[in-house]
Amino acid sequence: MIRYLVPFLNKHKIKMCVYALLGVILALLGIIEPYFQSNFLDEIVYGTEPEKFYLNVSIVIILNVFTLFISCFSQLYTAKVRTRISFEMISHTIEHVQKIPLLKVKKFDPAYLTSRISSDTNAVLSFFLNNFTNIIISPVTIIVSLGILIKINPVLALISIACIPAYLIIYIALKHPLARTRKIYIENQNEFTGKLTEGLSLIEEIKTEGIYSKYLVQIAAFFEKVFSSYIKALNVDVAFSSIHAVVGLIFQFSNLIYGGLLVSKGILSIGEYTLINIYFFYVLKQVNYFLNLGKEYQNANVSFIRLKELLGYHIEKNGDKKIENIHKLSASGIAFSYEYEGNNIIGNFTRDFIPGKLFCIIGDNGSGKTTLLNILIYLIQDVNSGEIKINDKDVANVDFYDARLNLISVVKQNPKFPKENVFNLLQQHSNTNVSLEKINSIIEIWNLHELYYNEQFNLMNVMGKSMLELSGGEQQKMALLFALIKTPNVLILDEPTSAMDKRSSDIVIDFLHQYKREHITVCISHDQRIIYACDELIELPS
């Protein structure tokens, strides 16, 4: 766990040093403050010198005010450090997941995965931050407290020491049930969150089918599963807490009876008796801390194991050679099948894609059209046989992240868009800053003015809108513009006109004829007009 955290902590060395220093100061204040309070109490009961009384009052007030100030500052500072590091850890995990091979990452439920990454990251980080100074400070606190107790009364010190084995026995007996029930509960809780999110994402489908009650029954079933695992985990946790609380009470009563007897005989002063109680509970608190450390470690370790599972997935291959342009994209003998299917969905596919031709891929649903495009741009890498080349060079050596960023654009049939307005999305799809002048220049270069400025649609009127506010045809127009904003060498379009009216479709077809001259242009389409306009038809068998 520590090795996992080190790279993130190293970025904030100074902040972590300040964090540790604040913890040490608060611990020291916690140790010395009772001593002065004890002196103050004895001065009230036995004192005869007003000067000492006022001095002790001043010291106690100053210590309390200073402690309050440091405590408040520490809480704010800790929150900032924790939030910053947590964000970096979550970003790191998400980046890794994003680079897991496409077919593997698609198996994850996004809502479940989001909840899992966030909760596990915070659990691991919180465990470390809460304990990395306390793990050293707590033993020191125990030693100092016992030293003071021994100095005041050795018998009471032995009572404090005697509680430690009892606590250890409880932890050893319950550590495995604590970890097991906690892991099951966290997994079920994440699945339940995913199911709730699914219900919100499928509102239209639920309304259309009228399946409100059926969906609620499913939610209730998931809840019962979560609730059952929660109760089991709670029972073990409460048992752990309650048993060691009983042990603490037994030693507390012994201390009160014996200590009270010493006060009544004048062997201890009121201040010393108070000091004994305070440091006795300090010892119990620190012993309890170490036992809870075991429980917290089990919880954090569960989260760490779950993070390791995600980070253990091998990321997709990506070469280190950047290319300046793509003038040829070749597939040779490509065969591919999904894990759950025995037969190849694509078999022995060979083709060279070059500028000057409009390629159109057709075939029945499920014939592998979209899969083939994903193979061509190296989103799917593990094919059964064959190879993909760019500019007659092995694709494995090419930096495809850079190529997709700068040289390849894909217009999907049903794209998913972030919750940003149209103008911000245009910025995201560009590799440079985009101005309205540049956008309009691109539109004019490719003779698309009529597509984006007509009686039914005006680009300027949608710049501040979310893509979800646009119709299907309008979304397709914007998806095309997103693709063109970086003038890609390779333009791939999946059913680009399926939601457009006839005039808009005609404009897009004219554009494709113009764009193909110097760029690799590939379409998937059932639109007969595009099929008729294409130069090379690629039909995939059913």
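Below is a summary of the structure that appears in this document.

Here we come to the overall build of the protein. Secondary structure assignment for the protein yields 19 helices and 9 strands. For the protein, whose C-alpha radius of gyration is 34 Å, the value lies well above the compact-globule estimate of 24 Å for 542 residues. Its C-alpha atoms give the protein principal-axis dimensions of about 110 × 50 × 50 Å. Among the 542 residues that make up the protein, the fraction classed as buried is 46%. Within the protein, residue pairs in contact and separated by at least 24 positions form 78% of the contacts whose partners lie at least 6 positions apart. Carbon and sulfur atoms make up 60% of the accessible area of the protein, which totals about 28,500 Å². Distance between charge centres in the protein, computed from 50 positive and 50 negative side chains, equals 6 Å.

Within the open sheet, the 4 strands sit side by side as 2-1-4-5. Their pairing is antiparallel. The sheet is open, and its two borders are formed by strand 2 (346–353) and strand 5 (393–394), each paired with just one other strand. Here strand 1 (residues 329–336) pairs with strand 4 (residues 385–390) via 5 bridges, running antiparallel. Residue pairing in the sheet places S330 in a bridge with K389 of strand 4.

A few words on the packing of helix 1 (residues 2–10) against helix 5 (residues 110–131). Two elements in contact, helix 1 and helix 5, have axes separated by 11 Å at closest approach and are oriented at 80°. With respect to helix 5, the axis of helix 1 lies roughly perpendicular. Note on element contacts: helix 5 touches helix 1 through V124, L125 and F128, opposite I2, Y4, L5 and L9. The residue inventory of the contact of helix 1 with helix 5, partitioned by class, reads 7 nonpolar, no polar and no charged.

Membership of the largest hydrophobic core comes to 44 residues, with the highest contact counts inside it found for Y452, L459 and M478. Of all the elements, helix 17 (residues 472–484) adds the most residues to this core, at 7 residues. Each residue touching Y452, except ones within four places of it in the same chain, is listed here: I443, F457, N458, L459, K477, M478, L480 and L481.

On to the packing of aromatic side chains. One pass over the structure, following the stated rule, counts 19 aromatic pairs. When the ring of F73 is compared with that of Y77, the centres are 5.9 Å apart and the planes differ by 25°; the resulting orientation is stacked. Of this pair, F73 and Y77 both sit in helix 3 (residues 50–98), 4 residues apart, roughly one helical turn. You can call Y77 buried: its relative accessible area is 19%. When the ring of W446 is compared with that of F511, the centres are 6.0 Å apart and the planes differ by 85°; the resulting orientation is edge-to-face. Highlighted residues: W446 in the loop between helix 14 (436–445) and helix 15 (449–452) and F511 in helix 18 (residues 502–515), separated in sequence by 65 residues. Site record: aromatic cluster; members linked through ring pairs are Y4, F8 and F304.

Tallied over the full model, the rule gives 0 disulfides. Distance from the sulfur of C534, which forms no disulfide, to the nearest cysteine sulfur (C360) is 4.8 Å.

Okay, the pattern of salt bridges next. With the rule as written, the count across this model stands at 17 salt bridges. Across the pair D120 and R306 runs a salt bridge whose closest N-O atoms are separated by 2.7 Å. Placement of the pair is D120 in helix 5 and R306 in helix 10 (residues 270–311), with a sequence separation of 186 residues. The two residues D120 and R306 agree in class, both being buried.

In this section: helix 1. Structurally, the α-helix is built with 3.6 residues per turn, so residues lying three or four positions apart point the same way. Of all the residues in helix 1, the buried ones are Y4, L5, F8 and L9. One side of helix 1 carries all its buried residues, which in axial view fall inside an arc of 120°. Opposite its buried face, helix 1 presents the exposed residues I2 and R3, each directed more than 90 degrees away. The inward-facing, buried residues of helix 1 contact helix 2 (13–46), helix 3, helix 5 and helix 10.

With that settled, consider the sheet that holds strand 7 (residues 490–494). The strand order across the open sheet built from 5 strands is 6-7-8-3-9, with neighbouring strands paired in parallel fashion. Taken across any chain shown, the strands that pair with only one partner, and hence form the sheet edges, are strand 6 (408–411) and strand 9 (536–539). In this sheet, neighbouring strand axes are inclined to one another by 15° on average, regardless of whether the strands run parallel or antiparallel. Alignment of strand 7 against strand 8 (residues 520–524), held across 5 bridges, turns out to be parallel. Pairing of D494 across the sheet is with I524, part of strand 8. Relative to the sheet, helix 17 contacts strand 6 and strand 7, its axis offset from that of strand 6 by approximately 175°.

Together, F223, F227, Y230, L234 and V238 give the surface a local cluster of nonpolar side chains, amounting to about 410 Å² of exposed area. Within the fold, Y230 resides in helix 9 (residues 212–264).

Moving on to the environment of D501. Structurally, D501 is set in the loop between strand 7 and helix 18. Assessed through its relative accessible area of 44%, D501 is described here as partly exposed. A polar side-chain atom of D501 sits 3.1 Å from the main-chain amide nitrogen of R503.

About the criteria used
Residues numbered from 1 in each chain as written. Predicted model: local features only at pLDDT ≥ 70, side-chain atom pairs only at ≥ 80, totals over all residues. Heavy atoms only, no water. Helix = DSSP H or I, 4+ residues; strand = E, 2+ residues; numbered from the N terminus. Rg over C-alpha atoms; globule rule 2.2 N^0.38 Å. Buried < 20%, exposed > 50% of the residue type's maximum accessible area, 1.4 Å probe, protein only. Contact = heavy atoms within 4.5 Å. Areas by Shrake-Rupley, 256 points an atom, 1.4 Å probe, with all protein chains shown as cover. Lys, Arg positive; Asp, Glu negative; His and termini not counted. Charge placed at Lys NZ, Arg CZ, Asp CG, Glu CD. Pairing = 2+ DSSP bridges. Axes fitted to C-alpha atoms, helices over the stretch in contact; angles between N-to-C directions. Parallel < 35°, antiparallel > 145°, perpendicular 65-115°, else oblique. Nonpolar A, V, L, I, M, F, W, Y, C, P; charged D, E, K, R; others polar. Core = buried A, V, L, I, M, F, W, Y, C linked by side-chain atoms within 4.5 Å. Phe/Tyr/Trp six-rings, centres within 6.5 Å; stacked < 30°, edge-to-face > 60°. Disulfide = S-S within 2.5 Å. Salt bridge = Lys/Arg side-chain N within 4 Å of Asp/Glu carboxyl O. Arc of directions from axis to C-beta. Patch = residues over 30% accessible without salt bridge, like charges linked within 9 Å, V, L, I, M, F, W, Y side chains within 5 Å. Polar contact = N/O pair within 3.5 Å; in protein donor to acceptor, adjacent residues only side chain to side chain.

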